[in-house]
Amino acid sequence: MSTSAPAATAGPQIEESWREVLAEEFQAPYFQELRQFLIEEKQQAVVFPPGPMIFNAFNQCPFDQVKVVVLGQDPYHGPGQANGLCFSVSNAMRHPPSLVNIFKEMQKDLNVPYPRTGDLTGWAKQGVLLINTTLTVRAHTPMSHQGKGWETFTDSVIHNLSTKREGIVFILWGRHAQNKKPLIDTTKHYVLEAAHPSPYSANGFFGCRHFSKANYLLMQQGKMPINWIAL
């Protein structure tokens, strides 16, 4: 998203299929207010992720290619961490505790090595939509951009996937993600739920086996499974 005020009809830098699906959102009053908030916020603070990365999850995973959805809360708020994919960090960055636990569960579930990189772009390119419910954050201030309009936008993302697609596996870790379950038509899609991978709740996360379960559900539909170690 540009830091300069765009024309009212201009949309964000986002992959074309998502631009079409979300066209009404980009023109809605709440989104224009969100855009203006970000312009003003960037004049007085550092915002993560960088502007070109805000819609990275969508740019890496077009609408008709989504097979799995993983929901996070808001981006990492430390320098160099957030890359627009939930739970993911830029290459060579230290793995945050939640990502460490995600990788530990993947190790045990699939009997694979612990990944060297925390950049989850390899998942996104295979059809895993990795979105936070809030897509930006002020540096060093977690949850600082909640209630500014992003939640309305990402609710629309989930609703559009639920109504216009079939057979998607929604992975909901923690109460915040599970609150989005009413947006999902469970007669058409699959929902996997577990505690959040944060160290504060990981005892309820470990053993969920969502990596193998998601692949089983995909293969039951004749779809290619996700190669979770291809990072």
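None of these values were measured; they are calculated from a predicted model.

Participant: An account of the side chain of threonine 136 is requested, with residue identities and associated values reported.
Facilitator: Considering the arrangement of structural elements, one finds threonine 136 in the loop between strand S3 (128–132) and strand S4 (137–138). Overall, threonine 136 belongs to the buried group, its relative accessible area being 0%. A distance of 2.7 Å separates a polar atom in the side chain of threonine 136 from a polar atom in the side chain of histidine 145. A polar contact of 2.8 Å, which involves the side chain of threonine 136, links it to the side chain of tryptophan 150.

Participant: An account of the packing of aromatic side chains is requested, with residue identities and associated values reported.
Facilitator: Applying the stated criterion across every chain, the model contains 22 aromatic pairs. Ring centres 6.2 Å apart and planes at 85° place the aromatic pair phenylalanine 31 and tryptophan 150 in the edge-to-face group. Pair noted here: phenylalanine 31 is in helix H3 (residues 29–44) and tryptophan 150 is in helix H7 (residues 150–164), with a separation of 119 residues, a long-range link. Relative accessible area serves as the criterion here: at 0%, phenylalanine 31 is assigned to the buried category. When its relative accessible area of 0% is taken as the criterion, tryptophan 150 is described as buried. Ring centres of phenylalanine 55 and phenylalanine 58 lie 6.1 Å apart, and the angle between their planes is 55°; on these two criteria the pair is classed as tilted.

Reading the values: rules and limits
- Residues numbered from 1 in each chain as written.
- Predicted model: local features only at pLDDT ≥ 70, side-chain atom pairs only at ≥ 80, totals over all residues.
- Heavy atoms only, no water.
- Helix = DSSP H or I, 4+ residues; strand = E, 2+ residues; numbered from the N terminus.
- Buried < 20%, exposed > 50% of the residue type's maximum accessible area, 1.4 Å probe, protein only.
- Polar contact = N/O pair within 3.5 Å; in protein donor to acceptor, adjacent residues only side chain to side chain.
- Phe/Tyr/Trp six-rings, centres within 6.5 Å; stacked < 30°, edge-to-face > 60°.

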